[in-house]
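Report on the structure
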Amino acid sequence: MNKPKIVTDLQLLMCIATTVIGVGILAFPRITVKYTATGAPMSTFFGFLLVLLACVTLAYLGEKYPKKSLFEYSDLLLSKWVGGMITLAVSIYFIELAALAAREFGEVVITSVLPQTPLEVTVFIMLILAVISSRCDVAVFTRIITFFMPLVYFPALVIVFLTLKSASLTNIFPIVNVFYETTWTNMLRSSLTVAAVLQNFLIIGLLTPFMYQPKKAMKSVSLGIGLAGVLYLILIFATLSVFGFDEIKNLLWPTLELAKTAAFPTLFFERLDPIFISVWVTAVFTAILSSYYIALQGLTHLLRFTNHKVFTFILFPFVFILAMQSANEFILYDVIERIGLMGLPLTIGFPFLLFVIHHMKNLIQSKRGTKL
Amino acid sequence: MNWKQLYKLLVCLILVTPLLTGCWDRLEIEERGTILGLAIDPIVKNVQNTTGPFAKSDFAGYKLTAQVAIPGRIPLGPGGPSGGGGPTAKPVLIMSKTGKTIDDAVNNLQQELANRVFFGHLRIIVVNQTLAKSGMQDVQDFFRRNAEIRRLAWLIISKGSAGPIIEATPQLSRVPTLYLVSIMDNAVRMGKIPNVFLGNFWSTHSSNARDPVLPFISLYKKERIEIEGLAVFKGDRMVSNLNQLGTAAYMELTGEHKAGYGFAVPVPGDPKHSATIKGSNRKTKIKLRKNNGKPFFDVYMRAEANLEEKTGKTINNVRMMKQIGKDSTQLLLKNQEKTIKMLKECRSDVIGFGEYVRGEYPEYWRKFHSIEDWDREFANLDIRLHLDVELRRTGMSSR
């Protein structure tokens, strides 16, 4: 299959930085703090490092197979059957991720801004928007996501800046607290939860073959995911220093509450949380779009279709029904945490497995070469 | 029209319909019962109830006095009538309702109000000190859950009943709540009280290492509002209050940047007259130190002050400036020691020494599991105060 060269390295960078920021940014301070208290920034950093490693692996493989997408070279490396199985699992998993993200989005919107609107409608509209957008080709897809990047980053930073006034430095200490308040297992769990929030990074594998210069993928990928990691770290530090870890445990969405604490010193523009929410909707949109897109591409590849548009509307009812499964927020967050952790071997293990097999194959080939 | 055109039209219609879903939550500003201020008083007899016989809380009943904005009558600019009603019409409506829980009372309020109660513009919540003394837990929960309420609203404790404070209409402003808010905001700006708002109270209340404080106000002559100082909490119960001098000491110890209280010291060499000085800004460093594994604190404070008034005829000179600085240091230190002694007697760590132990000495902090544990330790904590007041300027007078 011939792939057009349409993605620049800057586009890849911005794409990665945006896709990994989704609904998760609202709740992740609470989940990490629940396990590690003031160690939350540290576990966020560890989770980020794990994802960074997986991203770099994907970029490396992208350089080695500059004309093939993730699913194509996994077929090559793992044989059609095993590769196909993993592709199927990844697709199903990302369908579920898109569904959970849409549901979480719906819950936030209903609780905070639109209490009268039925949940189904909010979720339906967000999903249909993602479905329609996912019908476009790679070029448009990257452009949509790239376009939203400043809209996601800039307001988040402004809000953090405006809340610094009520921040207290003592709240973030002790930064290393595995010896006092928490255990290594909690630290691991919390780090993995953060990694689970960042799972959309798999999109790298689908974009590298379309790059003008796949050799530059490594640099853009590490910078892109680095930007996202910095934003996550800034948010966890900000929420922790403004609220303190005890208070974060009481807040369903600490980051949203942070936006409610921010205020412009002028009278006309006092409340910032509606602005934050409207901006955050774009972040959720790009995240759901990428999850859905990964699932679509996986299935298209699996069934050897040439065009992924066939699936867009066929998958939609499934995603919607999956999104409607949890009865309440508590169950939803339980499911999100579990599914997130369960999927990690798949999304993070997959690139590592490919990396190992790639090198084993090379080793075997070179040994054969010397024997002959 | 052929089939293809019809199909296109249909698709367009379907794509446009989702835009209409925003109408579900459409609520015009005239249809909102915007509550600007809220006062909560305890009540024992004749409690109304709408949420059923199981509505129960720590207190028998609550009386809610709400200040509801009347649409179109809130003056938008300075002076001049705006909207209908003319300048004499009252811009707010004061309603009072009771209930067994806060939500019960709010529901009762809604029964009488045609418009939907809207808390998005709630600026101030005044709570009677009797309620605060029996515990804030059940009072604050409703506000925590309501997504419309902002964390930057004021939560204030009133000496005496809270209702009249919301009802009071000072001559200076047409909207009573906004006047009350500006009193508080200006007090913070001038360094009279620390900036402790609703969200701040929640954060300290959740913390196991620090007790919250809240502004404490009173009403006199039925329309003047006076800031008494700070209400001191232990957990969620108010245990005592700091007067203005105590509040000054609190702000010195916590290192609030703005200093706003003036105080008089005798003029050196002329005890019959006094010099009044006023702090301009200050800096505080709290250092945790350990003695045989037991923590103690060194509090280093630096304040800059200006001379505001001097009675008598003594002429200013360098030595006198220094002496006044030294004298005021002694005076402030005494005041701070008194305040700390009082806080220790109430066993309430409002300054937040516990936060330093938790943050910087976590091995030791492991012993404490709740705020009560820490407060017991706080009562015996060794706190050493080091203060340095520098008299910087004497105003426009050179003498």
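About the criteria used
Residues numbered from 1 in each chain as written. Chains lettered and ligands numbered in written order. Predicted model: local features only at pLDDT ≥ 70, side-chain atom pairs only at ≥ 80, totals over all residues. Heavy atoms only, no water. Helix = DSSP H or I, 4+ residues; strand = E, 2+ residues; numbered from the N terminus. Buried < 20%, exposed > 50% of the residue type's maximum accessible area, 1.4 Å probe, protein only. Contact = heavy atoms within 4.5 Å. Areas by Shrake-Rupley, 256 points an atom, 1.4 Å probe, with all protein chains shown as cover. Lys, Arg positive; Asp, Glu negative; His and termini not counted. Charge placed at Lys NZ, Arg CZ, Asp CG, Glu CD. Polar contact = N/O pair within 3.5 Å; in protein donor to acceptor, adjacent residues only side chain to side chain. Salt bridge = Lys/Arg side-chain N within 4 Å of Asp/Glu carboxyl O. Nonpolar A, V, L, I, M, F, W, Y, C, P; charged D, E, K, R; others polar. Axes fitted to C-alpha atoms, helices over the stretch in contact; angles between N-to-C directions. Left-handed = near helix turned anticlockwise from the far one by under 90°. Pairing = 2+ DSSP bridges.

A few words now on the overall build of chain B. For chain B, the helix and strand inventory stands at 12 helices and 13 strands. In terms of principal-axis extent, the alpha carbons of chain B reach across some 100 × 60 × 60 Å. In chain B, which comprises 399 residues, the proportion classed as buried is 49%. Counting contacts in chain B only where the partners sit at least 6 residues apart, residues at least 24 apart contribute 71% of the total. For chain B, the computed accessible surface area is about 20000 Å², with 53% contributed by carbon and sulfur atoms. Charge centroids of chain B, computed over 57 positive and 40 negative side chains, lie 4 Å from each other.

Bringing the side chain of S91(A) into the picture now. Residues and elements named next belong to chain A. Topologically, S91 is positioned in helix α4 (residues 70-112). Given a relative accessible area of 0%, S91 falls into the buried group. Polar side-chain contacts of S91 include one of 2.8 Å to the backbone oxygen of T87. Non-local contacts of S91, meaning those with residues more than four positions away in its chain, are made with A295, G298 and L299.

This brings us to the interface of chain B and chain A. Taken together, the contact between chain B and chain A spans 29 residues of the former and 32 residues of the latter. On the surface where chain B and chain A come into contact, there are 3 salt bridges. Applying the counting rule to chain B against chain A returns 9 residue pairs in polar contact (both at pLDDT 80 or more). Of all the elements in the fold, those that place two or more residues in the side of chain B that touches chain A are α7 (198-206), α10 (353-360) and α11 (362-365) of chain B. When residues in the side of chain B that touches chain A are grouped by element, the largest group, 4 residues, is from α10(B). Its residues assigned to classes, the side of chain B that touches chain A comprises 10 nonpolar, 8 polar and 11 charged.

This paragraph deals with unusual backbone geometry. Here the phi dihedral of A37(A) falls at roughly 50°; this positive angle occurs in a residue that is not glycine. Under the relative-accessibility criterion, A37(A) is labelled buried at 8%.

Okay, the packing of helix α6 (residues 138-163) of chain A against helix α11 (residues 254-261) of chain A next. All names here are of chain A. Relative orientation of the contacting elements α6 and α11 amounts to 60°, with a least axis distance of 9 Å. Read as a crossing pair, α6 and α11 show a hand that is left-handed. Contacts between α6 and α11 pair I159, V160 and T163 from the former with L258, A259 and T261 from the latter. Counted by class, the contact of α6 with α11 contains 4 nonpolar, 2 polar and no charged residues.

This brings us to the sheet that holds strand β12 (residues 294-310) of chain B. Residue and element names in this part refer to chain B. Taken together, 4 strands build an open sheet; the order of strands is β10-β11-β12-β13 and the sheet is mixed. The sheet is open, and its two edges are formed by β10 (262-267) and β13 (383-393), each paired on a single side. The sheet shows a mean angle of 35° between the axes of neighbouring strands, direction not considered. The pairing of β10 with strand β11 (residues 270-291) spans 6 bridges and is classified as antiparallel. If you follow V267 over to β11, its bridge partner there is D270. Sheet strands in contact with helix α8 (residues 244-254) are β11, β12 and β13, and its direction is about 40° off that of β11. In the packing of helix α9 (residues 318-346) onto the sheet, contacts are made with β10, β11, β12 and β13, and the angle to β13 comes to roughly 145°.

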